[in-house]
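So the chains spell out like this:
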Amino acid sequence: MTDASPASDRDPSGELRWQSYLRHAREPLFLLGRHRRLLFANRAWEEATGLRLAAVRGKQCRPKRGRAQDHEEAALAVFAPPAEALAGQTCQARRRAVAPAGGWWQLDFFPLLGGQGLLGVLGKITVVPMPAVLAQLPDRLMALRDRQANCFRLDSMSSALPAVERVGEQARLASQGHMPVTLIGEAGTGKHWLARAIHQAGASRDRCFACVDCRALPPILVDGLLLDPRGRRMALGTVYLREPGELPRDLQDRLAQVLRSGDEADAPRWIVGHRADPAESVRAGRLVHELHCAASTLIVHLPPLRDRLADLDAFIDCFLARTRLLIEHKIALVSPEAALALRAHGWPGNLRELYDVLRAASARAKGERIELADLPFFLRNAPLPAEKKLPLDALLEQAERRLIERALRQAHGNRTRAAEILGIWRARLQRRMEHFGIDANDE
Amino acid sequence: MITMKQAQILTYGLEAGLAGRVQAMAHDHGLWLRAVQHVDACRSAMRQGTPAVLVLMLGKDLVHELTLLQELSAAAPDTAVIVVGDTDNPALAALAWDLGARCVMQPPLPIELLPEVVLRQLPAVER
């Protein structure tokens, strides 16, 4: 912030305009330096917190350790950025409000990165309604929810592939409403992840998410969780049902009724996952038709990994980071030979198989990258894909034929006119038509 | 009967009676089971090889136990974590589901179902 800006950049009070924008913004905003000291906060922040910026500017916002020294220190602990923010990642946290009125806040942290690393963190406060059943939990347990939530972010799903882009758009649409969603994809394609990401991006994110695997739970437990009034005390925001066709038919019928009614204010949102085509399961008698209809207001198809090899590098980076939660290692790379082998594989187990392979390879690797020898036998010895050929002459002839046919259509079969459209002599057009076997009368 | 090549069940903090039932089920099906009583021992066992099922009894050290649940659901999503509580606590149950539990068993759900629930989490692999 310098005084060298032109006068037109200042508002009547003399502040630089952008500072004025922040100061007068309706949302409570604050700015921390790289050492977590409070540098700036706007008026809305002062009103929300009951603190005066002049009294707390320059103080550190760090997590509480034992008893706080004073009230201000305890209050500023709420604004301590999580480790992810200090590492340069945008993230959210739910914390108990400092305000006298109590309640809960959602804090959004936006790291500001420069050439030398972290410059500071911009924060925003939003008041959120927290279900009473969760509000009674201690702060440290609530912080675990935030950590979990940051693993499921729709914005981490960016891809240049049209099919994946479509899935992302559908997921964003689903997150904006409460409609039931059906996810269809082979095992390991990420249906659970997507269901959770839709939940986290939606209005029900302050309530809980439950993944109910209908293959792996006794029906009596599924009934108790989803249909018994005692189960509703948990204030579930989203229920992800895996393979509901595995449930007994009477339970499926009752679930269908619950999904169709869906008019209770606190009813969870339903997301259903299928490995195979649910229409086929209905025909085979495994899945109740009414349940499938009630659950498929929006249907999303997840592509298999073999159709997403363009995203393979991004998955490798993400999964290697995730494996560090269990295994202490410094693996951040894959050697070119290993990358080639990974790319050549068909991945019948999709993302789950890729993760298992990388996790095992990370444990075996001796250096700082995964080598070909660290991969399992079936990957090391797979044949490399044949080099893709691009026959230039054949492709050019195809394009030429299409252009000639189009010009003839445009000219209603008149060859002289068609030659003018193509910018060539009529004789040449005649020769090419004979070469391709095109009869103008057919156009 | 489900056959497994290398099944592995890890239990944490189970009291003797419940541990006995799960142990008996594991023995009947030829499954290998390991029991630990401390969170650090549980973490160490996970590093040696992620089990197919972890039965996690809540109560001794809630923060560390639930932190373990959250870490496992992120780093070992194929490990089915079954959370067991001995009191009816909707808040804890909701949190456990939210952190990735495959199943949460607490009163009034019948705890006798635990061995069946554990067995159902194991993938069936034919020899």
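Residues numbered from 1 in each chain as written. Chains lettered and ligands numbered in written order. Predicted model: local features only at pLDDT ≥ 70, side-chain atom pairs only at ≥ 80, totals over all residues. Heavy atoms only, no water.

**A short note on the environment of Asn89(B)**
All names here are of chain B.
Link 1 in the chain: With respect to the helices and strands, the residue Asn89 is situated in the loop between strand E4 (80–84) and helix H4 (90–98).
Link 2 in the chain: On the basis of relative accessibility, which here comes to 25%, the residue Asn89 falls in the partly exposed class.
Link 3 in the chain: On a C-alpha basis, the gap between Asn89 and Pro107 in space is 8.4 Å, while along the polypeptide they are 18 residues apart.
Link 4 in the chain: Among the polar contacts listed, one links the side chain of Asn89 to the backbone nitrogen of Leu92, at a separation of 3.0 Å. (Helix = DSSP H or I, 4+ residues; strand = E, 2+ residues; numbered from the N terminus. Buried < 20%, exposed > 50% of the residue type's maximum accessible area, 1.4 Å probe, protein only. Polar contact = N/O pair within 3.5 Å; in protein donor to acceptor, adjacent residues only side chain to side chain.)

**Things to note about the sheet that holds strand E10 (residues 298–301) of chain A**
Strands pair in a sheet through their backbones, by hydrogen bonds, and they do so in one of two ways: parallel or antiparallel.
Residues and elements named next belong to chain A.
Link 1 in the chain: One open sheet accounts for five strands, arranged E7-E8-E9-E6-E10; its pairing is parallel. The sheet is open, and its two edges are formed by strand E7 (208–213) and E10, each paired on a single side. Direction aside, the axes of adjacent strands within the sheet are offset by 20 degrees on average.
Link 2 in the chain: Taken together, the six bridges between E7 and strand E8 (residues 236–242) define a ladder with parallel strand orientation. Bridge assignment links Asp213 to a residue of E8, and that residue is Arg242.
Link 3 in the chain: Taken strand by strand, helix H8 (residues 162–175) contacts strand E6 (181–184), strand E9 (269–274) and E10, and its axis lies near 150 degrees from that of E10. (Pairing = 2+ DSSP bridges. Axes fitted to C-alpha atoms, helices over the stretch in contact; angles between N-to-C directions. Contact = heavy atoms within 4.5 Å.)

**Examining empty space enclosed by the protein**
Residues and elements named next belong to chain A.
Link 1 in the chain: The full count for this structure, using the stated rule, is two cavities of 30 Å³ or more.
Link 2 in the chain: Roughly 30 Å³ of internal volume is contained in the second largest cavity.
Link 3 in the chain: Elements with a contribution of two residues or more to the lining of the second largest cavity: E9 and helix H13 (289–295).
Link 4 in the chain: Examining the composition of the lining of the second largest cavity, we find that three residues originate from one element, H13, more than from any other.
Link 5 in the chain: By residue class, the composition of the lining of the second largest cavity is five nonpolar, three polar and no charged. (1 Å grid on protein atoms, 1.4 Å probe; cavity = no way out; pocket = protein on both sides within 12 Å on 5 of 7 lines; lining within 4 Å. Points joined across faces, edges and corners; volume = space filled by probe spheres on them. Nonpolar A, V, L, I, M, F, W, Y, C, P; charged D, E, K, R; others polar.)

**Regarding the environment of Ile82(B)**
All names here are of chain B.
Link 1 in the chain: Relative to the helices and strands, Ile82 is located in strand E4.
Link 2 in the chain: For the pair Ile82 and Pro108, spaced 26 residues apart in the sequence, the C-alpha separation amounts to 16 Å.
Link 3 in the chain: Discounting chain neighbours no more than four positions away, the residues touching Ile82 are Val53, Leu54, Val55, Leu56, Cys103, Met105, Leu114, Val117, Val118 and Gln121.

**Quick notes on the interface of chain B and chain A**
Link 1 in the chain: Chain B puts 38 residues into the contact, and the matching count from chain A is 39 residues.
Link 2 in the chain: Considering only the surface of chain B that becomes buried against chain A, Trp97(B), Asp98(B) and Arg120(B) emerge as the three largest contributors, covering 20% of it.
Link 3 in the chain: Across the contact surface, chain B and chain A share four salt bridges.
Link 4 in the chain: With a shortest N-O distance of 3.3 Å, Arg352(A) and Asp78(B) are connected by a salt bridge.
Link 5 in the chain: At the boundary of chain B with chain A, the tally comes to 12 residue pairs in polar contact (both at pLDDT 80 or more).
Link 6 in the chain: Every element with two or more residues in the side of chain B that touches chain A is listed here: helix H2 (39–48), helix H3 (62–75), H4, strand E5 (103–105) and helix H5 (114–121) of chain B.
Link 7 in the chain: Per-element accounting of the side of chain B that touches chain A gives the leading share, 10 residues, to H3(B). (Buried area = accessible area lost by both parts, 1.4 Å probe. Salt bridge = Lys/Arg side-chain N within 4 Å of Asp/Glu carboxyl O.)

**Digging into the sheet that holds strand E4 (residues 104–114) of chain A**
Residue and element names in this part refer to chain A.
Link 1 in the chain: Taking strand neighbours across the sheet as the criterion, the five strands line up as E2-E1-E5-E4-E3 in an open arrangement whose pairing is antiparallel. Strands at the two margins of the open sheet, each flanked by one partner only, are strand E2 (38–41) and strand E3 (91–96). Strand-to-strand twist across the sheet, computed as the mean angle between neighbouring axes with direction ignored, equals 25 degrees.
Link 2 in the chain: Bridge analysis of strand E1 (residues 29–33) against E2 gives three bridges, and the strand direction is antiparallel. Following the sheet pairing, Leu31 is matched in E2 by Phe40.
Link 3 in the chain: Across the sheet, helix H7 (residues 139–149) touches E3 and E4, and the angle it forms with E3 is around 160 degrees.

**Some points on unusual backbone geometry**
Link 1 in the chain: Cis rather than trans, the peptide bond between Pro107(B) and Pro108(B) has omega equal to 10 degrees.
Link 2 in the chain: Here Pro108(B) shows up in the loop between E5 and H5.
Link 3 in the chain: Even without being a glycine, Trp347(A) presents a positive backbone phi close to 55 degrees.
Link 4 in the chain: Counting through the fold element by element, Trp347(A) comes out in the loop between helix H15 (336–344) and helix H16 (350–364).

**Overview of the side chain of Gln106(A)**
Residue and element names in this part refer to chain A.
Link 1 in the chain: With respect to the secondary-structure elements, Gln106 resides in strand E4.
Link 2 in the chain: A polar atom in the side chain of Gln106 sits 3.1 Å from the side chain of Asp108.
Link 3 in the chain: Side chain to side chain, Gln106 and Arg205 meet in a polar contact 3.4 Å long.
Link 4 in the chain: For Gln106, the residues in contact, after removing those within four places along its chain, are Gln92, Ala93, Arg94, Lys124, Ile125, Thr126, Val128 and Arg205.

**Section: the pairing of strand E2 (residues 32–36) of chain B**
Residues and elements named next belong to chain B.
Link 1 in the chain: Pairing between strand E1 (residues 8–12) and E2: five bridges, direction parallel. Paired with Leu10 across the bridge in E2 is Arg34.
Link 2 in the chain: In terms of handedness, the path from E1 via helix H1 (residues 16–28) over to E2 forms a crossover that is right-handed. (Right-handed = clockwise from strand over helix to strand, strands pointing away.)

**What about the confidence of the model for chain A?**
All names here are of chain A.
Link 1 in the chain: Per-residue confidence for chain A gives a mean pLDDT of 86, with 90% of residues at or over 70.
Link 2 in the chain: Mean pLDDT values over the elements of chain A span from 78, in helix H6 (residues 132–135), up to 97, in E6.
Link 3 in the chain: Below a pLDDT of 50 lies the segment residues 1–7, which in the model reaches seven contacts outside its immediate sequence neighbourhood of four places, other chains included. (pLDDT = per-residue confidence, 0-100.)

**Observations regarding the layout of surface pockets**
Link 1 in the chain: There is about 1,100 Å³ of room inside the second largest pocket.
Link 2 in the chain: Around the second largest pocket, the lining is made up of 34 residues, and of these Pro63(A), Arg95(A), Asp139(A), Arg140(A) and Ala143(A) lie nearest the centre.
Link 3 in the chain: Looking at the lining of the second largest pocket, the elements with two or more residues in it are helix H4 (71–77), helix H5 (83–86), E3 and H7 of chain A together with H3 of chain B.
Link 4 in the chain: Top contributing element to the lining of the second largest pocket by residue count: H7(A), with seven residues.
Link 5 in the chain: Considered class by class, the residues forming the lining of the second largest pocket number 18 nonpolar, five polar and 11 charged.

**With respect to the packing of helix H18 (residues 392–410) of chain A against helix H19 (residues 415–422) of chain A**
Residue and element names in this part refer to chain A.
Link 1 in the chain: Where H18 contacts H19, the axes come no closer than 8 Å and their chain directions differ by 125 degrees. Classed by the angle they form, the pair H18 and H19 counts as oblique. Note on packing geometry: the crossing formed by H18 with H19 is right-handed. Between H18, through Leu403, Ile404, Ala407, Leu408 and Gln410, and H19, the contact on the second element is made entirely by Arg415, Ala418, Ile421 and Leu422.
Link 2 in the chain: Considered class by class, the residues forming the contact of H18 with H19 number seven nonpolar, one polar and one charged. (Parallel < 35°, antiparallel > 145°, perpendicular 65-115°, else oblique. Left-handed = near helix turned anticlockwise from the far one by under 90°.)

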